[in-house]
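Each chain is listed here by its residues.
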Number of protein chains: 4
Amino acid sequence: MAPLLRPLQPQSQPPKVRCIHPGILLPAKIDRPVSLLYHRSMAVAGKSKKDVIQEFRSTEILEAARHVFALRGYHAATIDQIATHAGVAKGTVYLYFDSKRDLFLASLREGVLALHAEVAAQLRSAPTPQAQLQAFINARFDYFARNRDFFKIYYTEFPQLATVTGQPELQDLYDQQAKLLESVLADGIRSGHLRSCPVPSTARLVYDLIRSALAQHILNEPADNPHPEATVFQFIWKGISQS
Amino acid sequence: MAPLLRPLQPQSQPPKVRCIHPGILLPAKIDRPVSLLYHRSMAVAGKSKKDVIQEFRSTEILEAARHVFALRGYHAATIDQIATHAGVAKGTVYLYFDSKRDLFLASLREGVLALHAEVAAQLRSAPTPQAQLQAFINARFDYFARNRDFFKIYYTEFPQLATVTGQPELQDLYDQQAKLLESVLADGIRSGHLRSCPVPSTARLVYDLIRSALAQHILNEPADNPHPEATVFQFIWKGISQS
Amino acid sequence: MAPLLRPLQPQSQPPKVRCIHPGILLPAKIDRPVSLLYHRSMAVAGKSKKDVIQEFRSTEILEAARHVFALRGYHAATIDQIATHAGVAKGTVYLYFDSKRDLFLASLREGVLALHAEVAAQLRSAPTPQAQLQAFINARFDYFARNRDFFKIYYTEFPQLATVTGQPELQDLYDQQAKLLESVLADGIRSGHLRSCPVPSTARLVYDLIRSALAQHILNEPADNPHPEATVFQFIWKGISQS
Amino acid sequence: MAPLLRPLQPQSQPPKVRCIHPGILLPAKIDRPVSLLYHRSMAVAGKSKKDVIQEFRSTEILEAARHVFALRGYHAATIDQIATHAGVAKGTVYLYFDSKRDLFLASLREGVLALHAEVAAQLRSAPTPQAQLQAFINARFDYFARNRDFFKIYYTEFPQLATVTGQPELQDLYDQQAKLLESVLADGIRSGHLRSCPVPSTARLVYDLIRSALAQHILNEPADNPHPEATVFQFIWKGISQS
DNA sequence: CATGAATGAGTGTTCATTCAT
DNA sequence: GATGAATGAACACTCATTCAT
C-alpha cells in the first residue's frame, strides 16, 4: 500500500526566476500523506508578509484562470479576461506566470495535485481492494463536484494539449493519476482479490472509465442515473474482480 | 435489431451551391443498410467530369485539413497550411468550405459518417449481443487504425468544441454513435443475454471505454498490450453480461 | 447658342484592344444634336450580327453595373454580383471591360453622355435664357427620374472618385456638363437678359444647386416640396437675372 | 434667434472606457454658446497626466486618419497607413477606436462639431438675417480653409456613406448643420426680411450651394473668382431676400 | 466567345507579451 | 511590485483578375 501514499514528486523544474509558486508542487520523500493545504500552511509559517501576499495573488490569478479557461476554453480565453476576473492588471499576471500556457499548466497542475492528495488520503484508509476502488471513485466524484471549473478544463482541454503539443509534463500529470490505480490493481492481484490482467492498460482503462462517468455526471445536468458512483463501481468491479 | 442497421441519413440540406459534402446523417426508414461509400459511387455514376473534379478537390482539402488539424490542433492549424498541404491556394479552400470552422466540422462529419457506416454494417452481420459488441469494438479499431489523423481530432478536439462551444450539431454527431450501442444493449437486455442496467448512461460508459482504449492503442505507440480489443471486450462483457 | 449644341467630344482614347464599346462616345463636329440612341442605331446599321450581340451584352452588363453600384456603392459592389445581375459569368464581364474601375467609369460615362444629349436637345429648342434655364432644369429632372440608379452613383460616387483619384477623365465628364450652363450664362449676359457675373464659377454654382435639388428630390422620398423644379428655378433666376 | 446659438451637446454616452471623444452633439438648453474647444480646455483642467496623454494620442490618430482618408479615400486608406502617419503601431489605433469605420466617423464627427461650434458662435453675434447669412458663409469658408483635409472627406465621403450605408447617425450629422440655416430662414421670414419659402428644402438648398462653392474654392486651386464668399452670398441673398 | 474554378495579394482585427512609469 | 498603454506578429477571409477548357 505504501507506494500509494507517496505524494507526487515535484517536477524537477529548473528554478525559473519568475516562478513564485513552487508551493503547488509537493515535496518528495514524505511518508505521511499530507494535503496540499497542510503543506501550504506549513510553508506559510516561515513566510514574510510579502510572500503571503504573493501567494495570495498567485492563488487568486490561478482561480480566475481556471474559471475563465473553463468558461471559454483555452484559446478563446484572454489574459485580459483572467486578469479582470482576478482583480489585477494584465501585466501583473506576467509577474506570476511566464506565459498564458504556463498559467494554464499551473492551473491544471495545482488542481491535479490537490485531487491527487485527496484521493491518496482516502485510499490510505481503505483496507481492501474493493474499498480502495470505491474510495478512488468517491474521492474523485467528491473533488470534482466541488471543482467543476477545474473538471471542465481537465476534461476538455487536457487531451488536446497533452496529445497535440508534445508536453511531456502534461502527460506525466496524467500518468501520475493512473499510477495510483496501478497500485490498487497490483496489490489486489497479488493478494488474490483481483483477477490477473495487464496492469497498466487496465488501470488506464479503469481510470478513463471513471473519467467518462464523471463527465456525464458533471457536464450533463439531466442524469438518468442518480448514483453514478455506484453504477460505475459495479461495472468496474465486475470487470476486474476475481470469481 | 433492425434499428441498428439503419445507416445514418444525410440531412436534407437545402442544396447550397458550394456545399458538396452531405451533412450529418440522421436515421431514416431505409431498410437496406447502405454504406456511405456505396451511396457515393452511385452518385458518381451520374456525375459530369466537373462534378468529379469538384469532389476530388473537396476530398483533397478535407484530407489535408484532417492531417493538419491532427498535427497542430484546431486553433494552431492555419488555412494556409491546409491549403498548401492540399496543393491549392488559400482562396480555393473557401470555394469549398465557408470557414475554417466549417472545414473542421466537415472533416469530423465525414469521418464520423464513414465510421458509422462501417460499424453499422458490421453490427448487421452479428447474430448475438456478444458478437455485436465484438463487432462494434473491432470495427472501430479497424477504422481508426486506417484513419489515425481522424482519430486524433476526433479524440482531442471533439470534447473541447462539443462542450465549450454550444454546437448542438457536434453533440449530435457524438450521440449518434452512442445510439448504436444503446440498441445493442436494449436488444440484449430484452433477449436476456445482458443484465438489466440504465441503458443510455451504460451505453455512454461503454462507448467512452472503447474510445479510451482506442486512444491508448492509437496515440501511444508502446503498448504493453498486444490485443487491446480482446482486453476491452472482456472488461465490458464482464460488466454487462448476465451471470 | 451654337456651342451648346456641340456634343461632347469623345476622349481620344488610345484604342485599347478589349474596349468594344466605343459607341458610347459621341463623334465630334456634328452640328445637329443627336441622341445617343440615334447614334447607336446608325452605327448598328453597319454592324454584323456579332457586333449586335456584343453591344447587347455590353449594355446589359452596363445596366447591371449601374444597378449594383447604386445599390451597394462602388467598393462594396462585386463583379460577381454584377455578372449575376447581368445574367453572364464573371469572366464575361472582363471580355467587355478591362477592370472594375473601367466598368464603373463606362457606366458613368454612358449615363452622362445620354444625359448630356437629352439636355442639349432641350436647350436647343429654348429661345430665351429663361427658357433655357428651365429646359436645363427640367431635362435633368426628367432624365434622373427615369434613371434613379444612375443618379445615385452620379451623386454619391462621382465626387469621391473624381477628387480622390486623379482621374482627369472623370473631371472632364463633370466639367462638360457645366459648360452647357456656361454657354447659357454667357449668351444671356451678352444679350442683356442676365446680369454680369463670373461665368465659370457661377455656372458651376448653378449646376451644383440643381444637383443638390435633384438629390433631395430623388434620394429622399418625403419631399415637403411638390415642385422642386419650380422652386429651384425661381431661386436661380433671382440670383442671375437682370434686375 | 436663440435656438441658433445653442451649441451642439455631446450625446450622453454611457462612458465607454475607450471612447475619449464625445459623439455627435445635440442641441440643449444652454444659453451661453461655448465652443467645443473652450469646453475642452475646461475639461483639461481636471485631467491627470494620463488623460492628457490619452487625449493627445487620440487627437494624433484622428488627425492622421483625416489626412489619410482625405488623401486616399475611405476604402483605399488602410489602418496601417494611418497608424504610421500617426507614429504609432497598428494595434494602438484599436486602443482608441473600435474599428476603421468608427475611426472614420469619429474624425467626421469631431470636425463637424468644431465647425458647428464656430459657426454657431459667429451666428450669435450677427444681428440681422443678412449678417447671419454672411456669418454662416464666412465662418464655413474660414473653418475649411484651416481644415482642408477635413473638407475633402466631408465633401467626398459623406454623401457616399450617408446614402449608401443606412447610417442614421451620419444623416443626423448632416441635418444638424442645415438646422442652423433653417433657424436663420425662419427667423428672417418671421421678421419680414426674407420672403416666404419652404424652409427645410430652401435651407438645404442654400446649405448645399455653400458646400458647392466651398468645393470649388478648396479643392480646385485655379479660382477665377477671388472672393467666392461674396459671390455666393450675393447669389443666395437674391434668392431669398424680400423684394 | 463564354465560363467559372483557381488564384493570392491585401487588410481589418485580435491578443499575448513587453516595459516605462 | 503593479500597472496598462503600446506593440506587431499572426490569421481568417475577400474578391478582382486570369486562363484552361
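Residues numbered from 1 in each chain as written. Chains lettered and ligands numbered in written order. Predicted model: local features only at pLDDT ≥ 70, side-chain atom pairs only at ≥ 80, totals over all residues. Heavy atoms only, no water.

1. Quick look at the overall build of chain A
Then, in step 1: Each helix and strand in chain A was counted, giving 12 helices and zero strands.
Then, in step 2: Ordered by position from the N terminus, the helices and strands of chain A form the series α-α-α-α-α-α-α-α-α-α-α-α.
Then, in step 3: Buried positions account for 51% of the 243 residues belonging to chain A.
Then, in step 4: Contacts in chain A between residues far apart in sequence, at least 24 positions, make up 69% of those at least 6 positions apart.
Then, in step 5: Surface summary for chain A: the accessible area is close to 10900 Å², and the carbon and sulfur share equals 56%. (Helix = DSSP H or I, 4+ residues; strand = E, 2+ residues; numbered from the N terminus. Buried < 20%, exposed > 50% of the residue type's maximum accessible area, 1.4 Å probe, protein only. Contact = heavy atoms within 4.5 Å. Areas by Shrake-Rupley, 256 points an atom, 1.4 Å probe, with all protein chains shown as cover.)

2. Some points on the interface of chain D and chain C
Then, in step 1: In this assembly, 37 residues from chain D lie in contact with 35 residues from chain C.
Then, in step 2: At the boundary of chain D with chain C, total buried surface from both sides reaches about 3200 Å², with 62% on carbon and sulfur atoms.
Then, in step 3: Among the residues of chain D in contact with chain C, Leu205(D), Gln216(D) and Phe235(D) are the three that bury the most area, contributing 21% of the side total.
Then, in step 4: Here chain D and chain C share zero salt bridges between them.
Then, in step 5: Linking chain D with chain C are three residue pairs in polar contact (both at pLDDT 80 or more), by the criterion used here.
Then, in step 6: Counting residues per element, the ones that place at least two in the side of chain D that touches chain C are helix 3 (49–72), helix 8 (148–156), helix 9 (158–164), helix 11 (199–219) and helix 12 (228–240) of chain D.
Then, in step 7: When residues in the side of chain D that touches chain C are grouped by element, the largest group, 12 residues, is from helix 11 of chain D.
Then, in step 8: Within the side of chain D that touches chain C, the residues separate by chemical class into 16 nonpolar, 13 polar and eight charged. (Buried area = accessible area lost by both parts, 1.4 Å probe. Salt bridge = Lys/Arg side-chain N within 4 Å of Asp/Glu carboxyl O. Polar contact = N/O pair within 3.5 Å; in protein donor to acceptor, adjacent residues only side chain to side chain. Nonpolar A, V, L, I, M, F, W, Y, C, P; charged D, E, K, R; others polar.)

3. Quick notes on the protein's contact with DNA strand F
Then, in step 1: As a structural note, the neighbourhood of DNA strand F is formed by 31 residues, with Thr92(A), Lys90(B), Tyr94(B), Thr92(D) and Tyr96(D) the closest of them.
Then, in step 2: Between a phosphate oxygen of DNA strand F and a side-chain N or O atom of Tyr96(A), the distance comes to 3.0 Å.
Then, in step 3: Among the secondary structure elements, those contributing two or more residues to the surface near DNA strand F are helix 5 (90–96) of chain A, helix 5 (90–96) of chain B, helix 5 (90–96) of chain C together with helix 3 and helix 5 (90–96) of chain D.
Then, in step 4: The residue makeup of the surface near DNA strand F, split by class, is 14 nonpolar, nine polar and eight charged. (Near = heavy atom within 4 Å.)

4. Re the interface of chain B and chain A
Then, in step 1: Chain B puts 37 residues into the contact, and the matching count from chain A is 35 residues.
Then, in step 2: Taken together, the two surfaces of chain B and chain A that pack against each other cover about 3200 Å², and 62% of this comes from carbon and sulfur.
Then, in step 3: Three residues, Leu205(B), Gln216(B) and Phe235(B), lead the burial of chain B against chain A; their summed loss comes to 21% of the area buried on that side.
Then, in step 4: At the junction of chain B and chain A, the tally comes to three residue pairs in polar contact (both at pLDDT 80 or more).
Then, in step 5: Contributions of two or more residues to the side of chain B that touches chain A are made by helix 3 (49–72), helix 8 (148–156), helix 9 (158–164), helix 11 (199–219) and helix 12 (228–240) of chain B.
Then, in step 6: Sorting elements by how many residues they give to the side of chain B that touches chain A places helix 11 of chain B first, with 12 residues.

5. Brief notes about the relation of the copies chain B and chain A
Then, in step 1: Of the transformation superimposing chain B on chain A, the axial component is 0.1 Å and the angular component is 178°, with the fit at an RMSD of 0.3 Å. The superposition operator between the copies reduces to a two-fold rotation axis.
Then, in step 2: Most of the interface of chain B is mirrored in chain A, where 95% of its interface residues are also at the interface. (Least-squares fit on C-alpha atoms with pLDDT ≥ 70 in both.)

6. Examining the protein's contact with DNA strand E
Then, in step 1: Around DNA strand E, 32 residues are found, and the nearest of them are Thr92(B), Tyr96(B), Thr92(C), Lys90(D) and Tyr94(D).
Then, in step 2: Sugar and phosphate atoms represent 66% of those atoms of DNA strand E found within 4 Å of the protein.
Then, in step 3: Backbone polar atom of Lys100(A) to a phosphate oxygen of DNA strand E: 2.8 Å apart, as the coordinates give it.
Then, in step 4: A distance of 3.1 Å separates a phosphate oxygen of DNA strand E from a polar atom in the backbone of Ile79(D).

7. Details of the environment of Tyr94(C)
Residues and elements named next belong to chain C.
Then, in step 1: Residue position: Tyr94 is located in helix 5.
Then, in step 2: The partly exposed category is assigned to Tyr94, whose relative accessible area is 32%.
Then, in step 3: For the pair Tyr94 and Lys50, spaced 44 residues apart in the sequence, the C-alpha separation amounts to 17 Å.

8. Some details on the packing of helix 10 (residues 168–191) of chain A against helix 11 (residues 199–219) of chain A
Residues and elements named next belong to chain A.
Then, in step 1: Remark: helix 10 packs on helix 11, axes separated minimally by 8 Å, with the N-to-C direction vectors making an angle of 120°. By crossing handedness, the relation of helix 10 to helix 11 is classed as right-handed. When helix 10 is examined against helix 11, the residues Tyr174, Gln177, Ala178, Leu181, Glu182, Leu185 and Ile189 are found in contact with a partner set consisting of Val199, Pro200, Thr202, Ala203, Arg204, Val206, Tyr207, Asp208 and Arg211.
Then, in step 2: A per-class count over the contact of helix 10 with helix 11 returns 10 nonpolar, two polar and four charged. (Axes fitted to C-alpha atoms, helices over the stretch in contact; angles between N-to-C directions. Left-handed = near helix turned anticlockwise from the far one by under 90°.)

9. Considerations on the pattern of salt bridges
Then, in step 1: All chains considered together, the criterion is met by 22 salt bridges over all chains.
Then, in step 2: Ionic pairing is found between Arg66(A) and Glu110(A), a salt bridge with its closest N-O pair at 3.2 Å. Here Arg66(A), found in helix 3 (residues 49–72), pairs with Glu110(A), found in helix 6 (residues 100–124); they are 44 residues apart in sequence, far enough to count as distant.
Then, in step 3: On the basis of relative accessible area, Arg66(A) is assigned to the buried category, the value being 12%.
Then, in step 4: Among the salt bridges present, the one from Glu118(C) reaches Arg146(C), with a minimum N-O distance of 2.7 Å. Remark: Arg146(C) occurs in helix 7 (residues 129–146) and Glu118(C) occurs in helix 6 (residues 100–124); sequence separation between them is 28 residues.

10. Quick look at the packing of aromatic side chains
Then, in step 1: One pass over the full model with this rule turns up 48 aromatic pairs over all chains.
Then, in step 2: With a centroid separation of 5.6 Å and an interplanar angle of 75°, the aromatic rings of Tyr143(D) and Phe144(D) are classed as edge-to-face.
Then, in step 3: Three or more aromatic residues joined by ring pairs make a cluster, and in this case those are Tyr143(A), Phe144(A), Phe150(A), Phe151(A), Tyr154(A) and Tyr155(A).
Then, in step 4: The positively charged end of Lys100(A) is found above the aromatic ring belonging to Tyr74(A), 4.8 Å away from the centroid.
Then, in step 5: Its guanidinium or amino end placed over the ring of Tyr154(D), Arg211(D) lies 5.7 Å from that ring's centre, counting from NZ or CZ. (Phe/Tyr/Trp six-rings, centres within 6.5 Å; stacked < 30°, edge-to-face > 60°. Lys NZ or Arg CZ within 6 Å of the ring centre and 35° of its normal.)

11. Quick word on the relation of the copies chain D and chain C
Then, in step 1: Take chain D, turn it by 178°, move it 0.1 Å along the axis, and it overlays chain C with an RMSD of 0.3 Å.
Then, in step 2: Mapped onto chain C, 95% of the interface residues of chain D again fall at the interface, so both copies present the same surface.

12. Section: the packing of helix 3 of chain B against helix 4 (residues 79–86) of chain B
All names here are of chain B.
Then, in step 1: Interaxial distance between helix 3 and helix 4 falls to 8 Å at its minimum, and their mutual angle equals 130°. Classed by the angle they form, the pair helix 3 and helix 4 counts as oblique. At the point where helix 3 passes helix 4, the crossing takes the right-handed sense. Each of Glu60, Ile61, Ala64, Ala65, His67, Val68, Phe69 and Arg72 in helix 3 lies in contact with helix 4, whose residues at this interface are Gln81, Ile82, His85 and Ala86.
Then, in step 2: By residue class, the composition of the contact of helix 3 with helix 4 is seven nonpolar, three polar and two charged. (Parallel < 35°, antiparallel > 145°, perpendicular 65-115°, else oblique.)

13. Description of helix 6 of chain C
Then, in step 1: For helix 6 of chain C, which comprises 25 residues, the first-to-last C-alpha distance of 36 Å matches the rise-based estimate of 36 Å (1.5 Å per residue) to within 8%.
Then, in step 2: Burial of helix 6 of chain C is extensive: 20 of the 25 residues sit out of reach of the surface. (Expected span 1.5 Å × (residues − 1).)

14. What about the confidence of the model for chain A?
Then, in step 1: Scored by pLDDT, chain A comes out at a mean of 79, with 76% of its residues at no less than 70.
Then, in step 2: In the predicted structure, residues 1–44 of chain A sits below a pLDDT of 50 and forms 76 contacts with residues beyond four places in sequence or in another chain. (pLDDT = per-residue confidence, 0-100.)

15. Observations concerning the nonpolar core
Then, in step 1: Counting 137 residues, the largest nonpolar core has Leu103(A), Ile236(A), Leu103(B) and Ile236(B) as the members making the most contacts within it.
Then, in step 2: The element contributing the most residues to this core is helix 11 of chain B, with 12 residues.
Then, in step 3: Grouped together as the second largest cluster of nonpolar side chains are 135 residues, Phe233(C), Leu173(D), Val199(D) and Ile240(D) included. (Core = buried A, V, L, I, M, F, W, Y, C linked by side-chain atoms within 4.5 Å.)

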